[in-house]
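# Structure assessment
Residue-level listing of the chains:
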Amino acid sequence: MPIDPAIPAVAAPFSAQVQSLVSFLEHEAQPMIVLDPDYNILAANDAYRRQFGGTGKPFIGQKCYRVSHHYDLPCDQAGEHCPMKKAQELRGPDRVLHIHHTPRGPEHVDVELRPIFDEHGVITAYVERLSTVRSASARPSDDGLVGRAPAFNQALAALQRVAPSMLPVLLLGESGTGKELFARAVHATSARAGGPLVVVDCSGLSETLFESELFGHEKGAFTGAAVRKPGLVETAQGGTIFLDEIGDVPLAMQVKLLRLIETGTYRRVGGVETLHADFRLIAATHKPLDAMVARGEFRQDLYYRINAFPIRLPPLRERADDIALLADSFLRRAGGGTRALSIDPEALAVLQRLAWPGNIRELRNVLDRASLFADDGVIRVGHLPAAPALTGPAPKAAGGALELDSGLARFAGTRSELAASLGISERTLYRRLKQQGKL
């Protein structure tokens, strides 16, 4: 693939090196591009052109941050993690999850960037590999994980790291933060996606019932056991077990659960035959397991076994930027494809100020209720329940222009500190400053 003639002139040996890279990358199934140290896209393989090239929009010779983010500055100057800057510092590869503008709209993209050195050890180019994340949406969606806020992206990036492995995953978060959806995303992104995902709700199960449900039982094992029943471990062969609210597992059962995880073997209740399990473990809880260990309420050895890769799921109050996106998604689902539902700006502003102790589940319930009162399809403030628990003052009108002017006039700190003082992300601050011509 020839390099676009619009690219500024480069040394002939360097051009030959890039051409060799492109010839190699053309055989790669994943989208890949070659960048120079000044962020210019020098070349791209066919997979990139198909997935990210768009129609009629040139990208060869363009700055990568303009193409992917529509920024006028490199990512690190716009509140993002810049993999090129990090790879330059490390003199090695860097990987980050970004939201890119694509022909299909904004998408989560897993970006891995590697530097290319010349014979003198000087970085002459970078190769960037891009993988679209299918387990979450950065646009309104009818199902699955939805979000774009930094706290959500951090959890999603961790999910992308661990999903291909066999490490046990521990999802930590308040009630209603979407732990089962994250568990399903881990399973769907893993090599076991073709196998079953078995969900075990550990809350409210007695010791006897928990053991029977998990391991199964033999005929006659106890009163009422008229036939042999396979357990959920057996059902999950070749797939994933999701132990939801693992902090509720009875203490006496924790030792048997530990043995299952450590040895991969178990016995049905009332049985003598040793059976072999084959599953990947995901656990979740809203309880502080470390504090429970200190109080003797949870086994320390089991805690260390399930805590191999913890992922903290952020509460909704840390994802205020996602509320509009989540609301749009829930209203699409509530409409069922037969009724168009929307929310007016004033009602949305109220939702963005709520404390949301019930998190995403509470937001969905509020919108489901409000939609029943929206006869014309528009949810207004009057359709929302009384909500005294607010997280902050009412937002300024007109996109916060006056608030930004005031903040810029009185603030002498960094951009990230200004964003924090205004209660918005640095990326949102950059976007608003750009819109108002202050960059």
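The structure reproduced in this document is the subject of the present report. Everything numeric here is computed off the predicted structure, so don't read it as measured data.

Turning next to unusual backbone geometry. Located in the positive-phi region is Glu245, a residue other than glycine, with phi close to 55°. By the secondary structure assignment, Glu245 is in the loop between strand S12 (239-244) and helix H9 (251-263). Phi is positive for Trp356, close to 55°, though the residue is something other than glycine. Here Trp356 lies in the loop between helix H13 (345-353) and helix H14 (359-371).

Inspection of the secondary structure puts Gln254 in helix H9. Excluding its chain neighbours within four sequence positions, the residues that come into contact with Gln254 are Val249, Glu297, Phe298, Arg299 and Leu302.

A word on the packing of aromatic side chains. Applying the stated criterion to the full structure yields six aromatic pairs. Both rings, one in Tyr39 and one in Tyr65, keep their centres 5.4 Å apart while their planes meet at 70°; by these two values the pair is edge-to-face. Of this pair, Tyr39 sits in the loop between strand S1 (32-35) and strand S2 (41-44) while Tyr65 is found in helix H3 (residues 64-69), placing the two residues 26 residues apart along the sequence. Through a chain of ring-to-ring contacts, the aromatic side chains of Tyr48, Phe52 and Phe59 assemble into a single cluster. Here the guanidinium or amino end of Arg104 rests over the ring plane of Phe52, the centre of that ring lying 6.0 Å away.

Turning to the nonpolar core, a few remarks are in order. One finds Leu214, Val233, Leu243, Ile246, Leu260, Phe298 and Ile306 to be the most contacted residues of the largest nonpolar core, which totals 32 residues. Elements with a contribution of two residues or more to this core: strand S9 (197-201), helix H7 (207-215), S12, H9, strand S15 (279-285), helix H10 (289-294) and helix H11 (300-306). Here the element with the most residues in this core is H9; it accounts for five residues. Ignoring any residue separated from it by four or fewer positions in sequence, one finds Ile246 in contact with Cys202, Leu257, Ala283, Ala284, Thr285, Leu289, Phe298 and Ile306. Ranked by size, the runner-up nonpolar core spans 25 residues in total, among them Ile41, Ala44, Val67 and Ala87.

Take Asp368: it is sitting in helix H14. Asp368 sits 37 residues away from Leu331 along the chain, and the two C-alpha atoms are 7.7 Å apart.

A word on the sheet that holds strand S16 (residues 309-312). Spatially, the five strands line up as an open sheet ordered S9-S12-S15-S8-S16, and their pairing is parallel. For this open sheet the edge positions go to S9 and S16, each flanked by a neighbour on one side alone. With direction set aside, neighbouring strand axes in the sheet form an average angle of 20°. Sheet topology note: the strand S8 (residues 169-172)/S15 ladder contains four bridges and is parallel. Opposite Leu171, over in S15, you have Ala284 as the bridge partner. Along the sheet, helix H5 (residues 150-162) contacts S8, S15 and S16; its crossing angle with S16, the most-contacted strand, is approximately 155°.

Applying the stated criterion across every chain yields a total of 27 salt bridges. Its salt-bridge partner being Glu211, residue Lys256 comes within 2.8 Å of it at the nearest N-O pair. With Lys256 in helix H9 and Glu211 in helix H7, the pair connects residues that are 45 residues apart, well separated along the chain. When its relative accessible area of 33% is taken as the criterion, Lys256 is described as partly exposed. Each of Glu26, Asp46, Arg49 and Arg50 takes part in salt bridges that share partners, so that together they form one network.

Along its 13 residues, H5 runs 19 Å from first to last C-alpha, staying within 8% of the 18 Å computed at 1.5 Å per residue. Among all positions of H5, only Phe152, Asn153, Ala155, Leu156, Ala158, Leu159, Gln160 and Val162 are buried.

Now for the pairing of S15. Among the seven residues that make up S15, seven are buried, leaving the element largely enclosed by the rest of the structure. In S15, alternate side chains face the same way, and those of Phe279, Leu281, Ala283 and Thr285 on one face and Arg280, Ile282 and Ala284 on the other are all buried. Relative to S15, S12 runs parallel, the two being bridged by six bridges. Its bridge partner lying in S15, Thr240 is registered against Arg280.

How each quantity is defined
Residues numbered from 1 in each chain as written. Predicted model: local features only at pLDDT ≥ 70, side-chain atom pairs only at ≥ 80, totals over all residues. Heavy atoms only, no water. Helix = DSSP H or I, 4+ residues; strand = E, 2+ residues; numbered from the N terminus. Contact = heavy atoms within 4.5 Å. Phe/Tyr/Trp six-rings, centres within 6.5 Å; stacked < 30°, edge-to-face > 60°. Lys NZ or Arg CZ within 6 Å of the ring centre and 35° of its normal. Core = buried A, V, L, I, M, F, W, Y, C linked by side-chain atoms within 4.5 Å. Buried < 20%, exposed > 50% of the residue type's maximum accessible area, 1.4 Å probe, protein only. Pairing = 2+ DSSP bridges. Axes fitted to C-alpha atoms, helices over the stretch in contact; angles between N-to-C directions. Salt bridge = Lys/Arg side-chain N within 4 Å of Asp/Glu carboxyl O. Expected span 1.5 Å × (residues − 1).

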